[in-house]
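Working through the structure, step by step
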Amino acid sequence: METVNIEPRELLQYPNREWDTNTFRVTPHKAKPLKEGEKFIIDDLILKVLHLPGSSAGGIVLLDQTHGYLFSGDAVSRSEPIDWFPGCSVRSMRSSMRILNQLGRSGTVKLVLPGHGTTFTAVQLVLESEKYLDRSGLCYRIRIWFKSAQLYTKLRLKHSFSG
C-alpha cells in the first residue's frame, strides 16, 4: 500500500488577514479513493485506513497503532449510531461493530476520537459496540428498514413537488 507523508504545517495553516467567511471557496481537486490498509504519516502519527461501512457505504476509520488512537468518524460514538437513514446498512454496521469490538478487546485501541461527541476509552468502545450488537437483531433491522423506507418516501415526495 502507498504511504502518504503530510507535514504538520500543511494542516495548521491559519487564514491571512483578508480571509472572509463569505467569500471563502475551496478549490476542487481530483480525489482518489482511500484503500483499506493505506497509511498516512502526520508528524508522529501513522494512520491506517480501515473500511468500516454502516452509516455510509464508504465509511472509514483511521487507526494509529503506535499510540492506540482511533479516529472513528461516524462509525462509533457514545450516541446512537445513524443506521436508519437511506443508504445505511444495519448488516454492514453490525460487521463494523464486531471489528471495533475486537480492536477494543485486543488492546490495539486505547482512545477513540469520534466525529461527534467526546473521546472515550477502549473499555467504552467495547461496551458501545456490544450494546449495538445486542439490540440490532432481526426485529430491529425490520423496524429500521421501514423507518428508512418512510424517510426515503418523504424525501422523494418533497423533492418531486419542489421542482
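Everything here concerns the structure above.
In short, a report on the structure. (Residues numbered from 1 in each chain as written. Predicted model: local features only at pLDDT ≥ 70, side-chain atom pairs only at ≥ 80, totals over all residues. Heavy atoms only, no water.)

**Observations concerning unusual backbone geometry**
Keep this limit in mind: Working definition: helices are DSSP H or I runs of at least four residues, strands are E runs of at least two. Numbering for both runs from the N terminus. A simple rule labels every residue: compare its accessible area, found with a 1.4 Å probe on the protein chains alone, to the largest value its type can have, and call it buried under 20%, exposed over 50%, or partly exposed in between.
Here Asp-43, not a glycine, exhibits a phi torsion of approximately 55°, which is positive. With respect to the helices, strands and loops of the structure, Asp-43 is situated in the loop between β2 (39–42) and β3 (45–51). Classification of Asp-43 as exposed rests on a relative accessible area of 60%.

**Things to note about the nonpolar core**
Taken as a class, soluble globular proteins show a tendency for nonpolar side chains to be buried jointly. Note the cut-off: Here, nonpolar core means buried Ala, Val, Leu, Ile, Met, Phe, Trp, Tyr and Cys residues that are tied together by side-chain atoms lying within 4.5 Å of each other. We call two residues contacting when some pair of their heavy atoms lies within 4.5 Å.
Residues Leu-70, Val-76, Met-97, Leu-100, Val-109, Val-112 and Leu-125 are the most contacted members of the largest nonpolar core, which totals 20 residues. At the level of secondary structure, the elements contributing two or more residues to this core comprise β4 (60–64), α2 (90–106), α3 (122–135) and α4 (138–161). Dropping the residues within four chain positions of it, Val-112 is found in contact with Leu-70, Ser-72, Val-76, Thr-119, Phe-120, Thr-121 and Leu-125. Phe-40, Leu-45, Leu-47 and Val-49 belong to the second-largest nonpolar core, a separate cluster that totals five residues.

**Notes on the layout of surface pockets**
Heads up, the condition is: Of the grid points, spaced at 1 Å and generated over the protein atoms alone, those admitting a 1.4 Å probe that cannot get out make up cavities, while open sets with protein on both sides within 12 Å along at least five of seven lines make up pockets; any residue with an atom within 4 Å of a point is treated as lining. Grid points are joined across faces, edges and corners, and a volume is the space filled by probe spheres set on the points. When residues are grouped by polarity, Ala, Val, Leu, Ile, Met, Phe, Trp, Tyr, Cys and Pro land in nonpolar, Asp, Glu, Lys and Arg in charged, and all others, Gly among them, in polar.
The space that makes up the largest pocket amounts to roughly 190 Å³. Along the walls of the largest pocket sit 16 residues, with Ser-77, Ser-79, Glu-80, Pro-81 and Ile-82 positioned nearest its centre. For the lining of the largest pocket, the leading source of residues is α3, giving four residues. Broken down by class, the residue content of the lining of the largest pocket amounts to six nonpolar, five polar and five charged. If you add up the space inside the second largest pocket, you get close to 170 Å³. Forming the boundary of the second largest pocket are Asp-83, Cys-88, Ser-89, Val-90, Arg-91, Arg-141, Ile-144, Trp-145 and Ser-148. Here the lining of the second largest pocket is composed, by residue class, of four nonpolar, two polar and three charged.

**Notes on a nonpolar patch on the surface**
Heads up, the condition is: Exposure above 30% relative accessible area and no salt bridge define the residues that can form patches, which grow by joining like charges within 9 Å and nonpolar side chains of Val, Leu, Ile, Met, Phe, Trp and Tyr within 5 Å. In these tables, accessible area is a Shrake-Rupley quantity obtained with a 1.4 Å probe, and a residue counts as shielded only by the protein chains included in the view. The salt bridge criterion pairs a side-chain nitrogen of Lys or Arg with a carboxyl oxygen of Asp or Glu, the two atoms within 4 Å.
Together, Leu-138, Ile-142, Trp-145 and Phe-146 make up an exposed nonpolar region whose accessible area comes to about 480 Å². Summarising the element assignment, Leu-138 is placed in helix α4. The class of Leu-138 is exposed, set by a relative accessible area of 55%.

**Focus on α2**
Worth spelling out the cut-off: A helix is expected to span 1.5 Å for every residue after the first.
Counted at 1.5 Å a residue, the expected span for α2 with its 17 residues is 24 Å, and the 24 Å between its end C-alpha atoms agrees. Positive phi shows up at Gly-107, right after α2, with a value of about 90°.

**Notes on α3**
Taking 1.5 Å as the rise per residue, α3 with 14 residues should run 20 Å; its terminal C-alpha atoms sit 20 Å apart, in good agreement. Those residues of α3 that fall on the buried side of the exposure criterion are Ala-122, Gln-124, Leu-125, Val-126, Glu-128, Ser-129, Tyr-132 and Leu-133.

**Topic: the packing of α2 against α3**
Each pair of packed helices can be described by the angle between their axes along with the distance between the axes. Note the following rule: Interaxial angles span 0 to 180 degrees and are taken between N-to-C directions of axes, which are lines fitted to C-alpha atoms, for helices over the stretch in contact. Reported orientations rely on four angle classes, namely roughly parallel under 35 degrees, roughly antiparallel over 145, roughly perpendicular from 65 to 115, and oblique for the rest. Here a crossing is taken to be left-handed if its near helix is turned anticlockwise relative to the far helix by less than a right angle, and right-handed if that turn runs clockwise.
The contact between α2 and α3 brings their axes to 8 Å, and the two run at 150°. Looking at the two axes, α2 sits roughly antiparallel to α3. The chirality of how α2 crosses α3 is left-handed. Packed against α2, whose contacting residues are Val-90, Met-93, Arg-94, Met-97, Arg-98, Leu-100, Asn-101, Gly-104 and Arg-105, the element α3 presents Ala-122, Leu-125, Val-126, Ser-129, Glu-130, Tyr-132 and Leu-133 at the interface.

**A word on the environment of Leu-100**
Secondary-structure assignment places Leu-100 in helix α2. Between the C-alpha atom of Leu-100 and that of Val-76, which follows or precedes it by 24 residues, the distance is 8.4 Å. Excluding residues that lie within four positions of it along the chain, Leu-100 makes contacts with Leu-52, Leu-70, Ala-75, Val-76 and Leu-125.

**A word on the pairing of β3**
The following threshold applies: When DSSP finds at least two bridges between two strands, those strands are taken to pair.
Pairing of β2 with β3, which is carried by four bridges, proceeds in the antiparallel orientation. Note that in β3 the partner of Ile-41 across the bridge is Ile-46. Taking the residues between adjacent antiparallel strands as the criterion, β2 and β3 are bridged by two residues, where Asp-43 takes a positive phi near 55°. One ladder, built from five bridges, connects β3 with β4; its direction is antiparallel. When the bridges of β4 are listed, Leu-50 appears paired with Val-61.

That's the geometry; what it means functionally is another story.
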